[in-house]
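A look at the structure
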Amino acid sequence: MIHDIESGFRNLVGFRLVEWSLDYAVVELEIGHQHMNRSKVLHGGVITTLIDCVCGYAGCYCTRPGHVRKAVTLSLTTSFTGQASGGIIQAIGRKRAGGRKIYVATAEVINDKGEVIAIGESTQRYRTGSEHPEGVPA
């Protein structure tokens, strides 16, 4: 079972954290009508949201039960390479580099046909206490 802090925003968007380990995370979203743009394809803002969130998770896995790690996004880029109009998409994030306070993560978003529909990169800063793998009390 994956343990995470409840998030109103995550509930609003509707994505789920399905894999989480050191330097790695996967979130998935079942595309609904509320996620579509006027052209009836998945809105780019939804894709960018998934990239932002999965990159955050990738750097914030906590090794101590009952504790958490938190970070804030300093910069975020998204490049769109395809589209989706239904099914389940996954965003796969990996922490790539970093120091004590700042890290960089990358992500790919894949549609239900296995095609990469977006790639992104995020620079994040750990919140106070989250610099350490054991995190802080939840």
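Report on the accompanying structure. (Residues numbered from 1 in each chain as written. Predicted model: local features only at pLDDT ≥ 70, side-chain atom pairs only at ≥ 80, totals over all residues. Heavy atoms only, no water.)

**Details of the pairing of strand 2 (residues 24-30)**
- Counting buried residues along strand 2, five of its seven residues qualify, which places the element largely inside the surrounding structure.
- Bridge count between strand 1 (residues 16-21) and strand 2: five bridges; the pairing is antiparallel. The residue bridging Trp20 from the neighbouring strand is Ala25, located in strand 2.
- Taken together, strand 1 and the strand that follows it, strand 2, pair antiparallel across an intervening segment of two residues, in which Asp23 is found at a positive phi of about 65 degrees.
- Bridge count for strand 2 against strand 5 (residues 88-98) is seven bridges, and the pairing is antiparallel. (Buried < 20%, exposed > 50% of the residue type's maximum accessible area, 1.4 Å probe, protein only. Helix = DSSP H or I, 4+ residues; strand = E, 2+ residues; numbered from the N terminus. Pairing = 2+ DSSP bridges.)

**Notes on the sheet that holds strand 4 (residues 71-80)**
- Spatially, the six strands line up as an open sheet ordered 1-2-5-6-7-4, and their pairing is antiparallel. Lying at the two open borders of the sheet, with one neighbouring strand each, are strand 1 and strand 4. Within this sheet the neighbouring strands show an average axis-to-axis angle of 20 degrees, counted without direction.
- As judged from the eight bridges shared by strand 5 and strand 6 (residues 102-110), these two strands associate in the antiparallel manner. Bridging across to strand 6, Gly98 finds its partner in Tyr103. (Axes fitted to C-alpha atoms, helices over the stretch in contact; angles between N-to-C directions.)

**Brief notes about the packing of aromatic side chains**
- Inspection of every chain in the model, using the stated rule, returns three aromatic pairs.
- Ring centres of Trp20 and Tyr57 lie 5.2 Å apart, and the angle between their planes is 75 degrees; this geometry places the pair in the edge-to-face category. Placement of the pair is Trp20 in strand 1 and Tyr57 in helix 2 (residues 44-59), with a sequence separation of 37 residues.
- The exposure class assigned to Trp20 is buried, which follows from its relative accessible area of 18%. (Phe/Tyr/Trp six-rings, centres within 6.5 Å; stacked < 30°, edge-to-face > 60°.)

**A few points about the pattern of salt bridges**
- What the rule picks out here adds up to three salt bridges.
- Note that Glu28 is salt-bridged to Arg16, the shortest N-O span being 2.4 Å. In this pair, Glu28 is assigned in strand 2 and Arg16 in strand 1, connecting sequence segments twelve residues apart.
- A salt bridge links Glu131 to Lys101; the nearest nitrogen and oxygen atoms lie 3.4 Å apart. With Glu131 in the loop between strand 7 (116-126) and strand 8 (136-137) and Lys101 in the loop between strand 5 and strand 6, this pair connects stretches of sequence that are 30 residues apart.
- Residue class for Glu131 comes out buried when judged on its relative accessible area of 13%. (Salt bridge = Lys/Arg side-chain N within 4 Å of Asp/Glu carboxyl O.)

**What to know about the state of the cysteines**
- Under the counting rule described, the total for this entry stands at zero disulfides.
- Cys55 provides the cysteine sulfur closest to Cys53, a residue in no disulfide bond, and the two sulfurs are 9.5 Å apart.
- The exposure class of Cys53 is buried, given its relative accessible area of 18%.
- Of all cysteine sulfurs, the one in Cys60 lies closest to Cys62, which takes part in no disulfide; the gap is 9.3 Å.
- Overall, Cys62 belongs to the buried group, its relative accessible area being 13%. (Disulfide = S-S within 2.5 Å.)

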